[in-house]
Amino acid sequence: MEGGNGSEVEREEDDSVSDILQDRFRLSAVSIAENEAKKNGVEISEPITSCIADLALNYTEQLAKELEVFAQHAGRKSVNMEDVILSAHRNEHLTALLRSFCNDLKEKEPQSERKRRKTSKKEDKSTTSVVNIPDT
């Protein structure tokens, strides 16, 4: 195979994997919407669940792009918990929940893990939760 064809095959495989993940995400969102409706004694039509799934997917894609920008702006290739908290800055309640969750994670982190990491004071304020961002 030539270099150009190999790249195209890889791109098609990536697109296929992406399509599968998007379908699974939509199915999960539909399942959650249906379960919540059932739990609350509400009927929900199929077009509405489909719309909710699409909105959730679009929101998640936009959030991922924002997180990547926040990490790049900070000079990092990885997203950390502070980026996630920053992304929720327009919603005080969500920000408070995320900060609480972050603090809970820090408390559950084994002491040996905390000692092993050498970080600057600035990094100490964030958690060790990290998501790698591939170079584009």
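Residues numbered from 1 in each chain as written. Predicted model: local features only at pLDDT ≥ 70, side-chain atom pairs only at ≥ 80, totals over all residues. Heavy atoms only, no water.

### Thoughts on the nonpolar core
One finds Met81, Ile85, Ala88, Leu98 and Cys102 forming the largest nonpolar core, which totals 5 residues. Sorting the residues of this core by element identifies α3 (81-87) and α4 (92-108) as the ones contributing at least two each. Look past the residues within four positions of Ala88 in its chain and what remains in contact with it is Leu94, Thr95 and Leu98. (Core = buried A, V, L, I, M, F, W, Y, C linked by side-chain atoms within 4.5 Å. Buried < 20%, exposed > 50% of the residue type's maximum accessible area, 1.4 Å probe, protein only. Helix = DSSP H or I, 4+ residues; strand = E, 2+ residues; numbered from the N terminus. Contact = heavy atoms within 4.5 Å.)

### Focus: α4
The end-to-end C-alpha distance of α4 is 24 Å, a good match for the 24 Å that 17 residues give at a rise of 1.5 Å each. All of the buried residues along α4 are Thr95, Leu98 and Cys102. For α4, the arc enclosing every buried residue in end-on projection is 65 degrees, short of the 170-degree limit, so these residues lie on one face. Exposed residues pointing more than 90 degrees away from the buried face of α4 are listed as His93, Glu107 and Lys108. Elements in contact with the buried residues of α4: α3. Capping the start of α4, Asn91 holds a side-chain oxygen 3.2 Å from the backbone nitrogen of His93, two or three residues further along. (Expected span 1.5 Å × (residues − 1). Arc of directions from axis to C-beta. Polar contact = N/O pair within 3.5 Å; in protein donor to acceptor, adjacent residues only side chain to side chain.)

### Remarks on the side chain of Asn80
If you trace the backbone, Asn80 turns up in strand β1 (residues 78-80). Assessed through its relative accessible area of 11%, Asn80 is described here as buried. A distance of 3.0 Å separates a polar atom in the side chain of Asn80 from the backbone nitrogen of Glu82.

### Examining a negative patch on the surface
Judged by side-chain charge, Glu8, Glu10, Glu12, Glu13, Asp14, Asp15, Asp19 and Asp23 come together as a negatively charged surface patch. Relative to the assigned elements, Asp15 resides in helix α1 (residues 3-39). Looking at Asp15, the relative accessible area reads 45%, which means it is partly exposed. (Patch = residues over 30% accessible without salt bridge, like charges linked within 9 Å, V, L, I, M, F, W, Y side chains within 5 Å. Areas by Shrake-Rupley, 256 points an atom, 1.4 Å probe, with all protein chains shown as cover. Salt bridge = Lys/Arg side-chain N within 4 Å of Asp/Glu carboxyl O. Lys, Arg positive; Asp, Glu negative; His and termini not counted. Charge placed at Lys NZ, Arg CZ, Asp CG, Glu CD.)

### Digging into the confidence of the model for the chain
With 77% of its residues at a pLDDT of 70 or more, the chain shows a mean pLDDT of 84. Summarising per-element confidence for the chain, the mean pLDDT is lowest in helix α6 (residues 121-124) (53) and highest in helix α2 (residues 46-73) (95). (pLDDT = per-residue confidence, 0-100.)

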